[in-house]
Amino acid sequence: MDKIRIRGGQQLNGTIRIGGAKNAALPLMAACLLTDEPLILSNVPHLADITTMANLLGQHGAHVSLEGHDTEGGHTGRVMSLTAKDITSTTAPYDLVRRMRASVLVLGPLVAREGVATVSLPGGCAIGTRPVDIHLSGLEALGAEIEVESGYIRASAPGGLRGARFAFPKVSVGATENLLLAASLADGVTTLENAAREPEITDLAECLIAMGAKIEGVGTDTLVIEGVESLHGARHEIMPDRIEAGTYAMAVAIAGGSVTLEGASLSHFDAAMAPLRRTGTSVEETSSGGLIVSRNGARLDAVDVETDPYPGFPTDLQAQFLAMMTVADGASVITETIFENRFMHVPELHRMGANITLQGRSALVRGVEKLEGAPVMASDLRASASLVIAGLAAGGVTEVRRIYHLDRGYERLEEKLQLVGADIERVEDTE
Ligand code: UD1
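Note that this is a predicted model, so its numbers are computed, not measured.

(A) Quick peek at the state of the cysteines. All told, the structure shown has 0 disulfides when counted by the stated rule. This cysteine, Cys32, is not joined by any disulfide, and Cys207 carries the nearest cysteine sulfur, 10 Å off. Assessed through its relative accessible area of 0%, Cys32 is described here as buried. Take Cys207: its relative accessible area is 0%, and that puts it in the buried class.

See the structure below:
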């Protein structure tokens, strides 16, 4: 296993290229199960979660291949071809689903196309219990019969799914995606109310429309889907990763310097950048489609944030923002409203000298002058990124262990940070 070693104190200057969004890529890949024709996705990031999804789709019978890099359209991500000509298995086994919760996204497409699907329950996860009840009640509303038995969800709709009205009891990104996928092939009109509005859902809807789906209300909380008999192949470019971009923006804010985030779009994450600007960090759009993030001199101002579904502040940037606030001038309150256990980074940041008090779903962060490097342990994907961010500003050496979490969602993080001047390396963890 590897660990990441950082010697803090270097300013960051230069350019970081932002990759395709993991959270858009995963549902887009699952969409290949809806058609027997090829779905060609470009700007595919090179991440462990993408490999897990490719393996899962492969065992359902999809043929997944990489077709090199596409440098058109200003990006250099990979091009992936996915063809599910025949579905050879409608079962998603525990061994693959337990590695990645987003595996549950195959449920909707499989039951819509094959009338049956058996998908392992994703199980627990470091940031909370994360149930899938809303995915299941939504599919039931579309006429699927659902049983949960021996750790598996069995969904069946032998006569096919039927369009229906469904109001999400709570905003859920994954459940909205699962139902959007399923409703595209249902018989009749489906109206999804209180749907999630994340840009990744818009990206999925646009790809489904290119595949022949009829969807209205894209980008709003009410999606109206008129089911079609069949979908066809399409080509689609995956949107840039707003969480990756936000993470590097916060790295620059804490370390100081000026970095161009090539390919990042402000329209995708204004809500995250507004509080960042209030810390005294400059965020400007470039004429060539990117952002310049810079901070020189003064200490960051303390700013409160509360996570919320889009267009609110994303929970996936909460840990990184909190890390930044540990060295801000003053106190801030960071409130997490989406996941119940998403402060696993706090005890690790304490080890680096941060002053944080947890009060239920809020963290009171009193900024200190400086953090001190320490050995720390990554607990989940975004918590890992927050520890790297803290390490960039800390005195001495920080070593982040269990970085397999990081590799699930950040492509070549240490190389990208090295390129802008960080003293960071991946080394073998022999302990
Ligand atoms: C997605 C993102 C994840 C992000 C999260 C919230 C992907 C692959 N992952 O996760 O990075 O942190 O959105 O922006 O896109 N819930 C239920 N029942 C359900 C479904 C969800 O109670 O059936 C709860 C969850 O436990 C959580 C909240 O709803 O408290 C939001 O979860 P959801 O939006 O579904 O997150 P994911 O789709 O899993």
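(B) Geometry of the site of the ligand. Around the ligand there are 19 residues in total, and Asp133, Ile134, Ser172, Asp316 and Ile338 lie nearest to it. Asp133 places a polar side-chain atom, nitrogen or oxygen, 2.6 Å from a nitrogen atom of the ligand. Contacts to the ligand include Asp316, whose side-chain N or O atom sits 2.6 Å from an oxygen atom. Its free accessible area being 740 Å², the ligand has 88% of it covered by the protein chains. Every element with two or more residues in the shell around the ligand is listed here: helix H5 (133-141) and helix H6 (173-183). Ranked by residue count, the leading element in the shell around the ligand is H5, at 3 residues.

(C) Structural context of H6. Counting buried positions over the 11 residues of H6 gives 10, a clear majority of the element. Listed in full, the buried residues belonging to H6 are Gly174, Ala175, Thr176, Glu177, Asn178, Leu179, Leu180, Leu181, Ala182 and Ala183.

(D) Up close: the side chain of Thr307. Structurally, the position occupied by Thr307 is in the loop between strand E18 (305-306) and helix H10 (318-325). Classification of Thr307 by relative accessible area gives buried; the value is 0%. Once residues within four sequence positions are removed from consideration, Thr307 is found in contact with Phe313, Pro314, Thr315, Gln318, Thr335, Glu336, Thr337 and Ile338.

(E) Expanded view of the sheet that holds strand E17 (residues 290-295). Reading across the sheet, the 4 strands line up as E2-E15-E17-E16 and stay open at both edges, with mixed pairing between neighbours. For this open sheet the edge positions go to strand E2 (12-17) and strand E16 (282-286), each flanked by a neighbour on one side alone. Recorded for the sheet is a direction-independent mean angle of 15 degrees between the axes of neighbouring strands. The pairing of E16 with E17 spans 5 bridges and is antiparallel. Bridged to Ser282 within E17 is Ser294. Seen against the sheet, helix H8 (residues 242-255) touches E2, strand E15 (257-262) and E17 and runs at an angle of roughly 170 degrees to E15.

(F) Representation of the packing of helix H1 (residues 22-30) against helix H2 (residues 48-59) in the model. Where H1 contacts H2, the two axes come as close as 10 Å, and the packing angle between them is 5 degrees. With respect to H2, the element H1 is oriented roughly parallel. Between H1, through Lys22, Ala25, Leu26, Met29 and Ala30, and H2, the contact on the second element is made entirely by Asp49, Ile50, Met53, Ala54 and Leu57. Along the lines of polarity and charge, the residues of the contact of H1 with H2 split into 8 nonpolar, no polar and 2 charged.

Reading the values: the criteria
Residues numbered from 1 in each chain as written. Predicted model: local features only at pLDDT ≥ 70, side-chain atom pairs only at ≥ 80, totals over all residues. Heavy atoms only, no water. Disulfide = S-S within 2.5 Å. Buried < 20%, exposed > 50% of the residue type's maximum accessible area, 1.4 Å probe, protein only. Near = heavy atom within 4 Å. Polar contact = N/O pair within 3.5 Å; in protein donor to acceptor, adjacent residues only side chain to side chain. Areas by Shrake-Rupley, 256 points an atom, 1.4 Å probe, with all protein chains shown as cover. Helix = DSSP H or I, 4+ residues; strand = E, 2+ residues; numbered from the N terminus. Contact = heavy atoms within 4.5 Å. Pairing = 2+ DSSP bridges. Axes fitted to C-alpha atoms, helices over the stretch in contact; angles between N-to-C directions. Parallel < 35°, antiparallel > 145°, perpendicular 65-115°, else oblique. Nonpolar A, V, L, I, M, F, W, Y, C, P; charged D, E, K, R; others polar.

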